[in-house]
Amino acid sequence: MKLGVNIDHIATIRQARYAGMLDSVNAEPDPVAAAALCERAGCHGITAHLRADRRHIQDRDITRLRASLLTKLNLEMGNTKEILDFALHIVPDEVCLVPENRAEVTTEGGLDCVGQRDALAPTIKRLQSAGIRVSLFIEPSPDQIEMARELGAEIIELHTGAFANATGTEQKEELTRLRSAADFAHGLKLQVNAGHGINYTNIALIRTVPHLTELNIGHSIVSHAAFSGLGEAVRGMLAAMND
Ligand code: PXP
């Protein structure tokens, strides 16, 4: 199974302090430097979501990632003309189309490709004509998977959020939904990815879902990095203060 690291949260930390001051020499942490570290640690790709409100990743982050990544760039985006034009200019390796809603804290729910079929079809065609592989971030439900196939997407990313937030019997049911969806999609010759809310604990169950090619994981990896690196960061500052 391959790992795509979602680096939006690195940009979130930077924007919390340096929004509007990205030219400052102090603007940190840099998501492009973070991506290089993730690649050196063995990840297979970098995922970044350029949101319409630019709350974390900025256009120039994507431009710099495109120029510097050694693995691949998976651009997550809503289906809007502005972001589509940008994607066609940048030409990431993959685009994952996601629903986007201004008030949400993070992507909520999957893309309704059944309801949005007419809006999605031309976008998918244009991306594919530019040589970009297209992924659709959808709920693990057969009608959405069938529509993803009909729309000609190469990849689906199963939304694992409901599973990640569930416990007990409900979690078992969500896992069963994911397993059946992965089987169904694989039968339709779709590449099956998954993402959202995957962490160091629930990965043990996610691993049991068949046919998964790639997981996109962000929040948990960045949270873990903060804790595993905090002691070292404090020691480094103490040394800089007193040595
Ligand atoms: N995949 C998609 C399509 C997403 O929207 C997100 C969240 O930005 C992720 C994966 C990563 O989710 P998390 O940050 O919870 O690991």
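Bear in mind that the values here come from a model prediction, so they are computed numbers and not experimental data.

**Student:** Please explain the layout of surface pockets as it appears in this structure.
**Tutor:** Any space left empty among the atoms is revealed by the rolling of a water-sized probe across them. Of the pockets and cavities examined, the second largest pocket occupies roughly 580 Å³. The set of elements that each furnish at least two residues to the lining of the second largest pocket consists of β1 (2-6), α1 (8-18), α2 (31-40) and α10 (219-242). The element best represented in the lining of the second largest pocket is α10, accounting for 7 residues. Taken together, the residues of the lining of the second largest pocket sort by class into 18 nonpolar, 2 polar and 1 charged.

**Student:** When you look at the packing of helix α4 (residues 81-90) against helix α5 (residues 117-129) in this model, what are you seeing that I'm missing?
**Tutor:** Packed helix pairs are characterised by how far apart their axes lie and by the angle those axes make with each other. Between α4 and α5, whose axes approach to 10 Å, the crossing angle comes to 15°. In terms of orientation, α4 lies roughly parallel with respect to α5. α5 is crossed by α4, and the crossing has right-handed handedness. Every residue of α5 that contacts α4 at Leu-84, Asp-85, Ala-87 and Leu-88 is listed here: Thr-123, Arg-126 and Leu-127.

**Student:** Sorry if this is basic, but what is going on with the site of the ligand here?
**Tutor:** Neighbouring the ligand are 14 residues; Glu-76, Glu-157, Gly-197, Gly-218 and His-219 lie closest to it. Within the backbone of Gly-197, an N or O atom sits 2.8 Å from an oxygen atom of the ligand. The contact in question runs from an oxygen atom of the ligand to an N or O atom on the backbone of His-219, over 2.9 Å. Contact with the protein chains hides 94% of the accessible area of the ligand, taken as 400 Å² for the molecule alone. Of the residues that constitute the shell around the ligand, the class distribution is 3 nonpolar, 9 polar and 2 charged.

**Student:** Help me out: how do you make sense of the nonpolar core in this one?
**Tutor:** It is characteristic of soluble globular proteins that their nonpolar side chains tend to be buried jointly. If you look at the biggest cluster of nonpolar residues, it comprises 55 residues, and the most contacted ones within it are Ile-46, Ile-62, Leu-65, Leu-97 and Leu-136. In this structure, Ile-46 is in contact with Val-5, Ile-7, Ala-35, Cys-38, Glu-39, Leu-65, Leu-69, Thr-71, Lys-72, Leu-73 and Asn-74, ignoring residues within four places of it in sequence.

**Student:** Looking at this structure, I do not really get the environment of Leu-178. What am I missing?
**Tutor:** Here Leu-178 shows up in helix α8 (residues 168-187). On the accessibility criterion, Leu-178 (3% relative accessible area) is buried. Among all residues touching Leu-178, those that are not within four sequence positions of it are Pro-140, Leu-158, His-159, Thr-160, Phe-163, Ile-206 and Val-209.

**Student:** Whenever I open this one, α2 confuses me. Can you help?
**Tutor:** One turn of the α-helix equals 3.6 residues, which is why residues spaced by three or four share an orientation. Burial in α2 covers these residues: Pro-31, Val-32, Ala-34, Ala-35, Cys-38 and Glu-39. Taken end-on, α2 shows its buried residues confined to a sector of 155°, consistent with a single buried face. Turned more than 90 degrees away from the buried face of α2, the exposed residues are Leu-37 and Arg-40. Buried residues along α2 sit in contact with β1, α1, β2 (45-49) and α3 (59-68). Sitting at the head of α2, Asp-30 places a side-chain oxygen 3.1 Å from the backbone nitrogen of Val-32.

**Student:** I keep staring at the pattern of salt bridges and nothing clicks. Help me out?
**Tutor:** Opposite charge on two side chains permits pairing when their charged atoms draw close. Going through the model one piece at a time under the given rule, you end up with 14 salt bridges. The residue Asp-61 makes a salt bridge to Arg-14 at a minimum N-O spacing of 2.6 Å. One end of the pair, Asp-61, is in helix α3; the other, Arg-14, is in helix α1, and 47 residues separate them in sequence. For the pair Asp-61 and Arg-14, a shared accessibility class is recorded, and that class is buried. For Arg-64, the salt bridge identified is with Asp-30, shortest N-O distance 2.8 Å. Of this pair, Arg-64 sits in helix α3 while Asp-30 sits in the loop between α1 and α2, placing them 34 residues apart in sequence. Since its relative accessible area comes to 24%, Asp-30 is described here as partly exposed. One continuous salt-bridge network, built from bridges that share partners, spans Lys-72, Glu-94, Arg-133 and Glu-214.

Calculation notes
Chains are numbered independently. Their residues run from 1 in the order of the written sequence. pLDDT decides what is reported in this predicted model: residues at 70 or higher carry local features, side-chain atom pairs at 80 or more are listed and counted, and totals for whole chains, interfaces and linings draw on all residues regardless. Computation of side-chain values covers all heavy atoms of the structure but excludes hydrogens and water. Grid spacing is 1 Å over the protein atoms alone, the probe is 1.4 Å, and a cavity is where that probe fits but cannot get out, while a pocket is an open set with protein on both sides within 12 Å along at least five of seven lines and lining residues have an atom within 4 Å of a point. Grid points are joined across faces, edges and corners, and a volume is the space filled by probe spheres set on the points. Each helix is a run of DSSP H or I of at least 4 residues and each strand a run of E of at least 2, with the numbering of both proceeding from the N terminus. Each residue gets one label: Ala, Val, Leu, Ile, Met, Phe, Trp, Tyr, Cys and Pro are nonpolar, Asp, Glu, Lys and Arg are charged, and the others, such as Gly, are polar. Here an angle of 0 to 180 degrees is reported between the N-to-C directions of two axes, which are lines fitted to C-alpha atoms, with helices fitted over the stretch in contact. An angle below 35 degrees is read as roughly parallel, one above 145 as roughly antiparallel, one from 65 to 115 as roughly perpendicular, and any other as oblique. Handedness of a crossing is defined here by the sense of rotation of the near helix relative to the far one, left-handed for an anticlockwise turn of less than a right angle and right-handed for a clockwise turn. What makes two residues a contact is simply this: any of their non-hydrogen atoms within 4.5 Å. We call a residue near a molecule or strand whenever a single non-hydrogen atom of that residue lies within 4 Å of it. Think of a polar contact as two N or O atoms within 3.5 Å of one another; within protein, one of them needs to be a possible hydrogen donor and the other a possible acceptor, and neighboring residues in sequence only count if both atoms come from side chains. In these tables, accessible area is a Shrake-Rupley quantity obtained with a 1.4 Å probe, and a residue counts as shielded only by the protein chains included in the view. To form a nonpolar core, buried Ala, Val, Leu, Ile, Met, Phe, Trp, Tyr and Cys residues must be joined to one another through side-chain atoms within 4.5 Å. The buried label applies to any residue whose accessible area, calculated with a 1.4 Å probe on protein chains only, is under 20% of its type's maximum; exposed applies above 50%, and partly exposed to all values in between. Along the arc lie the directions from the helix axis toward the C-beta atoms. By definition here, a salt bridge exists when the distance from a side-chain nitrogen of Lys or Arg to a carboxyl oxygen of Asp or Glu is within 4 Å.

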